[in-house]
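Summary of the model geometry
Letter by letter, the chains look like this.
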Amino acid sequence: MHSRPSHGLGLGSVLTLGLALLLAGCGALPDKPARATLYDFGPGIAAPAAAANPPAAALPTLALAEIESNARLDGTQILYRLGYADANELRPYGQSRWSLPPAQLLRQRLRDALSERRTVLGPEESATIARTEGRVPDTLRISLDEFSHYFESAGSSVGLVRLRATLIRGTTGGDRVLGQRTFTVRRPAPSADAPGGVKALAAATDAAVADIVQWVDQQPRQ
């Protein structure tokens, strides 16, 4: 007895098979990528009463250069270190990002703080004054060397900020360094995760900015 050749599936079988393939295909589709949570340093602290600070004209104009940082800090990743395991390894949080690179966030915060007490210019504005008026404001340069959520142990962590500030005065004989100082600030993190690290780093940044402003105000004036 010879078997009868098959010429295809019935209509019902075809529909059933198609539905099964469709459902299998839907199950295989990747989930929609989760959008990273963006963070910055917050709205900032309200400026003290005007009477508590000298007017801007009482302090000389200052030029604030773009902040330098190492290549690892040029991106927007929020980085942490496990000091108790391998302090040399920088690790990124997966679904959390800064809204801007840390150096840019720091510069905004620093410029706002300095501007409460004096006129602060950017590099292009300073160059324009030098060309048109023949005078060069002192320039503040910042190098951001460390900016991480640092875990001293599994249950204890801090926001760690380390930067170097250099105040430069331009003269006819060339630039002269008025002062240079390294600032290292730690602030405790309220939780062992990205939001906790962000709060600690924002607090450490504000403390570092306050220290820099005080240091700049103590330097010799033109």
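So, here's what we can say about the structure. (Residues numbered from 1 in each chain as written. Predicted model: local features only at pLDDT ≥ 70, side-chain atom pairs only at ≥ 80, totals over all residues. Heavy atoms only, no water.)

1. Focus: the packing of aromatic side chains
This model, assessed by the stated rule, comprises six aromatic pairs. Residues Tyr80 and Tyr93 carry aromatic rings whose centres are separated by 4.7 Å and whose planes lie at 40 degrees to one another, so their mutual orientation is tilted. Taken as a pair, Tyr80 in strand S4 (residues 77–82) and Tyr93 in strand S5 (residues 87–98) lie far apart in primary sequence, 13 residues in all. Of the two residues, Tyr80 and Tyr93, both sit in the buried class. Centroid distance Tyr80 to Phe151: 6.1 Å. Interplanar angle 80 degrees. Geometry classified as edge-to-face. Pair noted here: Tyr80 is in strand S4 and Phe151 is in strand S7 (residues 138–153), with a separation of 71 residues, a long-range link. With respect to burial, Tyr80 and Phe151 carry one shared label: buried. By the ring-pair criterion, three or more aromatic residues cluster together here, those being Phe41, Trp98 and Phe147. (Phe/Tyr/Trp six-rings, centres within 6.5 Å; stacked < 30°, edge-to-face > 60°. Helix = DSSP H or I, 4+ residues; strand = E, 2+ residues; numbered from the N terminus. Buried < 20%, exposed > 50% of the residue type's maximum accessible area, 1.4 Å probe, protein only.)

2. Some details on the side chain of Ser157
Within the secondary structure layout, Ser157 lies in strand S8 (residues 156–171). Separated by 2.8 Å, the side chains of Ser157 and His149 make a polar contact. When sequence neighbours within four positions are dropped, the list of residues in contact with Ser157 reads His149, Tyr150, Phe151, Glu152, Pro188, Ala189 and Ser191. (Polar contact = N/O pair within 3.5 Å; in protein donor to acceptor, adjacent residues only side chain to side chain. Contact = heavy atoms within 4.5 Å.)

3. What to know about the pattern of salt bridges
Two side chains carrying opposite charge are able to pair once their charged atoms lie near each other. All told, the structure shown has eight salt bridges when counted by the stated rule. Taking the shortest distance from any N to any O, the salt bridge between Glu66 and Arg107 comes out at 3.8 Å. Taken as a pair, Glu66 in the loop between strand S2 (62–64) and strand S3 (68–69) and Arg107 in helix H3 (residues 102–115) lie far apart in primary sequence, 41 residues in all. Among the residues examined, Glu66 registers a relative accessible area of 52% and is labelled exposed. Across the salt bridge formed by Asp138 and Arg169, the nearest N and O atoms sit 2.9 Å from each other. Here Asp138, found in strand S7, pairs with Arg169, found in strand S8; they are 31 residues apart in sequence, far enough to count as distant. (Salt bridge = Lys/Arg side-chain N within 4 Å of Asp/Glu carboxyl O.)

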